[in-house]
Amino acid sequence: MKLAFWKKKSGGSAGQVDFDHLPRHVAIILDGNGRWAKRRGLPRTAGHRAGAENFRKIATYCRDIGLEYLTVYAFSTENWKRPEEEVDAILDLLRRYMLEALDTMERDRVRLCFMGDRSVFNQELRELAARCDEVSQRIEGCQCNICLNYGSHAEIVRAAQNFAKDCINGSVKLEDLTEERFEDYLYSAGIPSPELLIRPGGEQRLSNFLLWQCAYTEFYFTDVLWPDFSIEELHKALAAYQRRDRRFGGVKK
Ligand code: IPE
Ligand code: IPE
Ligand code: MG
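These numbers were taken from a predicted model, which means no experiment stands behind them.

A.B. asks: Even after reading the chapter, I still don't get the pattern of salt bridges, so can you show me in this structure?
C.D. replies: Oppositely charged side chains are able to pair whenever their charged atoms sit close together. This structure, assessed with the given rule, holds 22 salt bridges. The residue Arg-246 makes a salt bridge to Glu-218 at a minimum N-O spacing of 3.3 Å. Of the two residues, Arg-246 sits in the segment after α8 (231–243) while Glu-218 sits in strand β6 (residues 218–221), which places them 28 residues apart along the sequence. For Glu-218, a relative accessible area of 15% corresponds to the buried category.

A.B. asks: Which parts of the structure should I look at to understand the site of ligand 1?
C.D. replies: Every one of the 13 residues lining ligand 1 counts as a neighbour, but Leu-30, Asp-31, Arg-35, Arg-44 and Arg-82 are closest to it. For ligand 1, an oxygen atom lies 2.9 Å from a polar atom in the side chain of Asp-31. In isolation ligand 1 has 380 Å² of accessible area, and contact with the protein removes 87% of it. Within the residue set of the shell around ligand 1, elements represented by two or more residues are α2 (33–39), α3 (44–64) and α4 (84–108). No other element matches α2, which puts 3 residues into the shell around ligand 1. By residue class, the composition of the shell around ligand 1 is 3 nonpolar, 5 polar and 5 charged.

A.B. asks: Explain the packing of α4 against helix α5 (residues 123–138) to me, please; I cannot follow it from the model alone.
C.D. replies: Interhelical geometry of α4 versus α5 gives an angle of 25° and a closest axis separation of 10 Å. The orientation of α4 with respect to α5, classified from their angle, is roughly parallel. Considering only the axes of α4 and α5, their crossing is left-handed. The segment α4 lies against α5, with Leu-91, Arg-95, Met-98, Leu-99, Leu-102, Met-105 and Glu-106 engaging Glu-124, Leu-125, Leu-128, Ala-129, Arg-131, Cys-132, Val-135, Ser-136 and Arg-138. Residues that form the contact of α4 with α5 fall into these classes: 10 nonpolar, 1 polar and 5 charged.

A.B. asks: Looking at this model, I keep getting lost on the sheet that holds strand β2 (residues 69–76). Mind explaining?
C.D. replies: Where strands meet in a sheet, backbone hydrogen bonds hold them as pairs that are either parallel or antiparallel. Across the sheet, which stays open at both edges, the 6 strands sit in the order β3-β4-β2-β1-β5-β6 with parallel pairing between neighbours. Edge positions in the open sheet fall to β3 (110–115) and β6, since each of these has one partner strand only. Here the strands of the sheet are splayed against their neighbours by 20° on average, with no regard to which way each runs. Bridging between strand β5 (residues 196–199) and β6 involves 4 bridges; their strand directions are parallel. Bridge pairing in β6 links Leu-196 to Glu-218. With respect to the sheet, α3 is in contact with β1 (25–29), β2, β3 and β4 (142–150), its orientation differing from that of β4 by roughly 145°.

A.B. asks: Can you walk me through α5 in this structure?
C.D. replies: Since there are 3.6 residues in each turn of an α-helix, residues three or four apart along the chain are aligned in direction. With 16 residues, α5 extends 23 Å between its outermost C-alpha atoms, agreeing within 8% with the 22 Å of an ideal straight helix rising 1.5 Å per residue. Within the sequence span of α5, burial applies to Leu-125, Leu-128, Ala-129, Cys-132, Val-135 and Ser-136. Buried residues along α5 cover an arc of 125° about the axis, so they all sit on one side. Exposed residues pointing more than 90 degrees away from the buried face of α5 are listed as Gln-123, Glu-134, Gln-137 and Arg-138.

Procedures and definitions
- Residues numbered from 1 in each chain as written.
- Chains lettered and ligands numbered in written order.
- Predicted model: local features only at pLDDT ≥ 70, side-chain atom pairs only at ≥ 80, totals over all residues.
- Heavy atoms only, no water.
- Salt bridge = Lys/Arg side-chain N within 4 Å of Asp/Glu carboxyl O.
- Helix = DSSP H or I, 4+ residues; strand = E, 2+ residues; numbered from the N terminus.
- Buried < 20%, exposed > 50% of the residue type's maximum accessible area, 1.4 Å probe, protein only.
- Near = heavy atom within 4 Å.
- Polar contact = N/O pair within 3.5 Å; in protein donor to acceptor, adjacent residues only side chain to side chain.
- Areas by Shrake-Rupley, 256 points an atom, 1.4 Å probe, with all protein chains shown as cover.
- Nonpolar A, V, L, I, M, F, W, Y, C, P; charged D, E, K, R; others polar.
- Axes fitted to C-alpha atoms, helices over the stretch in contact; angles between N-to-C directions.
- Parallel < 35°, antiparallel > 145°, perpendicular 65-115°, else oblique.
- Left-handed = near helix turned anticlockwise from the far one by under 90°.
- Contact = heavy atoms within 4.5 Å.
- Pairing = 2+ DSSP bridges.
- Expected span 1.5 Å × (residues − 1).
- Arc of directions from axis to C-beta.

See below:
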């Protein structure tokens, strides 16, 4: 019912998407906010605000079409290199976003979870993230993983350290380590790998995002800047994904 409504509402582009065979997990690198603002003669922070609004829209739509997981890159371990005012503005936007989400996530059936090292954030942000986690545990719906102070290298090193600690305390044995067990030590433990990764903003790189998890992910790059990345653009990405031949090292069927 809901799908039919969206297919109709979203016009032509949805026609290319087979909503019965959607990926379970889509990842998006939210890039291009700064350029979006610059083109309009606005400060970069206005771009981040527009980007946050767009995330709300796209996340809600992903829930509507029944996507199970949406993982977005919102702040990387490298983004601390930016001017302090910009970092502060991004973190303040996040704070506002979480506060609002705490009021709406139950009603909207969007679960907000966080990946990355939160220990560096101030107490308020850490508490808000913990409260979002708590609410997410008791509701069902699309799981939105927001990657904050996230970097794949740091994630993999942390996983190796935690595995080593478990070896030392005797809860696991070195010879028991498999690829699957290693995954349990990543922030993404228990979450299937994304089938599709979308990067708006024109760059064609991962920028330290989900290096382990994207081993067999399909990549979709577009020049459209994140605040302009519409439902129509999402349809294009999903349709492109559905045209791919995923062989996983085997041969074409
Ligand atoms: C992505 O947009 C948001 C973050 C990295 C926090 P950018 O701020 O990188 O935008 P551009 O790439 O400069 O346009
Ligand atoms: C990647 O975008 C990180 C996020 C979107 C959070 P960047 O704008 O930081 O990446 P680079 O610097 O172009 O690689
Ligand atoms: Mg960028």
